[in-house]
Amino acid sequence: MIDSQLPVATTGDTWRSALRLLRRYRLALAGTISVYALAVAASLAPPWLLGHLIDGIGTATQSTVNTIAALALGFLILQALLTGLSRAWAFRLGERIVRRLRDGFIVDSLRLPTSTVERSSGDLMTRSTDDIGLLNDVVRRAAPEVVMAVVSVTIIAGALFVINPYMAAACIVAIPLIGLPVRHVLPKVRPRVLAERAALSTVAQNLASTVDNARTVEAFRLAQARQDTIHDCLGEAYRNSYRAMSLRRILFPAIDGGMAMVLVAGIIIGGVLYDAGLASLGEIATVLLLMKQMSEPVATVVIWLQVFMQGGASFSRIIGVGSAAQTAHPPAEPTPADSKKSAEVRLEDISFAYTDGNEVLTDINLRIRPGERLAIVGPSGAGKTTLGLLIAGIERPQSGRVTIGGLDITHRTPEQRRSQVLLVSQEQHLFSGTVTDNLILAKPDATEEQLREVLRTVGADEWLANLPDGLDTDIGATGTKVDPGIVQLLALARLILADPDVLILDEATSRMEPSAARELEQRLVETMSGKTIISIAHQLHTAASADRVAVIDGGRIIELGRHDDLIHAGGTYENLWRSWRAVTK
Ligand SMILES: Nc1ncnc2c1ncn2[C@@H]1O[C@H](COP(=O)(O)OP(=O)(O)OP(=O)(O)O)[C@@H](O)[C@H]1O
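Below or above, wherever it landed, is the structure these notes cover. (Residues numbered from 1 in each chain as written. Predicted model: local features only at pLDDT ≥ 70, side-chain atom pairs only at ≥ 80, totals over all residues. Heavy atoms only, no water.)

1. Section: the pattern of salt bridges
Item 1. A complete count under the given rule lists 21 salt bridges for this structure.
Item 2. Among the salt bridges present, the one from Asp-123 reaches Arg-127, with a minimum N-O distance of 3.0 Å. In this pair, Asp-123 and Arg-127 are both assigned in helix α5 (residues 121-163), 4 residues apart and thus about one turn of the helix distant. Judged on exposure class, the residue Asp-123 and its partner Arg-127 are both buried.
Item 3. Close ionic contact of Glu-448 with Arg-452 constitutes a salt bridge, the shortest N to O distance being 2.8 Å. Of this pair, Glu-448 and Arg-452 are both found in helix α14 (residues 448-457), 4 residues apart, which corresponds to roughly one turn of the helix.
Item 4. One connected set of salt bridges, linked through shared partners, spans Asp-123, Arg-127, Asp-131 and Arg-317. (Salt bridge = Lys/Arg side-chain N within 4 Å of Asp/Glu carboxyl O. Helix = DSSP H or I, 4+ residues; strand = E, 2+ residues; numbered from the N terminus. Buried < 20%, exposed > 50% of the residue type's maximum accessible area, 1.4 Å probe, protein only.)

2. Describing the packing of helix α2 (residues 26-55) against α5
Item 1. The interhelical angle for the contact between α2 and α5, taken along N-to-C directions, is 40 degrees, at an axis separation of 9 Å. The angle between α2 and α5 falls in the class oblique. Where α2 crosses over α5, the handedness of that crossing is right-handed. Two secondary-structure elements touch here, α2 through Thr-32, Ile-33, Tyr-36, Ala-37, Val-40, Leu-44 and Trp-48 and α5 through Val-147, Met-148, Val-151, Ser-152, Ile-155, Ile-156, Ala-159 and Ile-163. (Axes fitted to C-alpha atoms, helices over the stretch in contact; angles between N-to-C directions. Parallel < 35°, antiparallel > 145°, perpendicular 65-115°, else oblique. Left-handed = near helix turned anticlockwise from the far one by under 90°. Contact = heavy atoms within 4.5 Å.)

3. Some points on the site of the ligand
Item 1. By nearness alone, every residue bordering the ligand is listed as Tyr-354, Val-360, Pro-379, Ser-380, Gly-381, Ala-382, Gly-383, Lys-384, Thr-385, Thr-386 and His-538.
Item 2. Residue Ala-382 places a main-chain N or O atom 3.0 Å away from an oxygen atom belonging to the ligand.
Item 3. Interatomic distance of 2.4 Å between a side-chain N/O atom of Thr-386 and an oxygen atom of the ligand.
Item 4. When isolated, the ligand has an accessible area of 640 Å², and the protein chains bury 59% of it.
Item 5. Taken together, the residues of the shell around the ligand break down into 4 nonpolar, 6 polar and 1 charged. (Near = heavy atom within 4 Å. Polar contact = N/O pair within 3.5 Å; in protein donor to acceptor, adjacent residues only side chain to side chain. Areas by Shrake-Rupley, 256 points an atom, 1.4 Å probe, with all protein chains shown as cover. Nonpolar A, V, L, I, M, F, W, Y, C, P; charged D, E, K, R; others polar.)

4. Observations regarding the sheet that holds strand β7 (residues 502-506)
Item 1. Strand order in the open sheet made by the 6 strands is β6-β7-β8-β3-β9-β10, with mixed pairing throughout. What marks the edges here is a single partner per strand, and that holds for β6 (421-425) and β10 (556-561). For this sheet the average axis-to-axis angle between neighbouring strands, irrespective of direction, equals 20 degrees.
Item 2. Inspection of the sheet shows strand β3 (residues 373-377) paired to strand β9 (residues 548-553) by 4 bridges, in the parallel sense. (Pairing = 2+ DSSP bridges.)

5. Some thoughts on the sheet that holds strand β5 (residues 407-408)
Item 1. The strand order across the open sheet formed by 4 strands is β2-β1-β4-β5, and the pairing between neighbours is antiparallel. Edge positions in the sheet fall to β2 (359-368) and β5, since each of these pairs with one other strand and no more.
Item 2. The sheet contact formed by strand β1 (residues 345-353) and strand β4 (residues 399-404) spans 5 bridges and is antiparallel. Looking at the pairing, Glu-348 lines up with Arg-401 of β4.

6. A few points about the layout of surface pockets
Item 1. Approximately 2400 Å³ is the volume found for the largest pocket.
Item 2. In terms of lining residues, the largest pocket is bounded by 49 residues, among which Thr-114, Glu-118, Ile-394, Leu-423 and His-429 are the most central.
Item 3. Taken together, the residues of the lining of the largest pocket break down into 23 nonpolar, 14 polar and 12 charged.
Item 4. The two domains that each donate at least three residues to the lining of the largest pocket are domain 1 (11-24 + 94-328) and domain 2 (345-429 + 475-584).
Item 5. Space inside the second largest pocket adds up to approximately 900 Å³.
Item 6. Taken together, 31 residues line the second largest pocket, and the ones lying closest to its centre are Trp-15, Ala-18, Val-138, Ala-143 and Phe-308.
Item 7. Elements represented by at least two residues in the lining of the second largest pocket include exactly α1 (11-24), α2, α3 (62-111), α5 and α10 (281-328).
Item 8. Broken down by element, the lining of the second largest pocket gets its largest block of residues, 8 residues, from α5.
Item 9. Of the residues that constitute the lining of the second largest pocket, the class distribution is 24 nonpolar, 6 polar and 1 charged. (1 Å grid on protein atoms, 1.4 Å probe; cavity = no way out; pocket = protein on both sides within 12 Å on 5 of 7 lines; lining within 4 Å. Points joined across faces, edges and corners; volume = space filled by probe spheres on them. Domains from an automatic or database assignment.)

Spelled out as structure tokens, the structure:
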């Protein structure tokens, strides 16, 4: 079934991944928290000194007051220095964690099967921008704020008990007043944020598919229909965003009101305890000052907790990509020493459907000998490209298996697979950078001479000679414009450099003149002699020069054999051949 949404990790898996991440940075984390704890301890001194001053108000001399003031100032400076240091460390730690998350995300995305990337491009885009961005906010800002706030609350609460346990107990009991409204709001955050993100992914998905298929949209006058669909998706995204945002409107007034209630309760309790002789004026003042000091971190926790929960939802989506990549690549089978030699391709009982109930290929059985040249022909929509995608391991069959050299292609890592089989289709892309950059993707250690040689082989040497900076010419989006025919040549040059055991050419020369295409194919076959070459052929001259021809129709192989034999048999292939000859004569 086509599912445009990648998986989302469960809450349990999200926590486990977060803990694993924190364990990795435990030393830096412990150092940062310890320095911050010292800063909080230093911040306790001024209120305590003030309480001391109030209690000794009748007896204190000028010099005692001066000493207390100097000490308070000293502690304030110490607190500022330690806070600054711990924040700098927290920032650096955040940077390292964000970098790790981004790197991991890119690695996981690159491990996703191409078919998954194509189907979930919108979702992947939202995860790589919005979710990573939110996570960035959480790791760099929310997490340090929340951790530091929790440290502050814990230390201040401990100090309150040391100063006056009665007063402290009474005030701490009042603190949950702040939590009351929050308790009802927080459980709603994760589902609402997940719904918001999913809706945004759908918008991106629809936009991407409209842009990708712009010609079809234009040809069939689908602009209005596409606009309506995107409008509906945007409406859904807006409603979900609004629901997520509306949580804030309830949250902030509730926190402010709760904080004021706690302080009022503290003053009333302080009065009662003073009357009962259980607290001095200085202790009450110190506790109230510390309570005020505590109110800020408590509010911080509550406020950032929402972002934290949003970040949790985003984190679940980020690790979901990792689990999708892992599911797509079960543990790779070890490569036996002789597998390279016997790069035989076998398709065993393959059936495949893009969507449930619409089988595109049925019961395909085929054995392609190492070094054989096989041409796949058939009418449009017969399933030729799909077969190429299955052999290249880009799509997975619902039943049956594809093996190369005896190994199931879907059990190979992407690297192992790329060394075995590569597919070049008519859709080829240039990446931003120079000619060299675009070629060494396939063979990072290729020498300049090898690059020139390979360009000569595909017949792009003349083009290279006319470039202003030769191999160093920028051919990216902002550089020298490259003709689609040359883009195909560069793709074939990359293929030669990559040197896989099995090559699949799916209309790889379709943008060239037929005679030039024929010549190039011949040169390619000579250069790659000994390799298994599977050509999906619309131009039947390719089929005529192949070792064998497989004719596909209605998702089944209906004829298989040598060109001459199939012509002699007078079946579908002979018909196709006759029509093609009539057109090309
Ligand atoms: N991504 C996809 N999602 C759903 N259906 C698809 C997808 N790609 C191809 N199909 C369908 O699968 C069938 C086989 O398509 P395929 O491209 O393999 O045929 P083909 O023989 O290569 O055709 P052509 O010669 O026109 O390229 C067609 O009915 C096509 O509409």
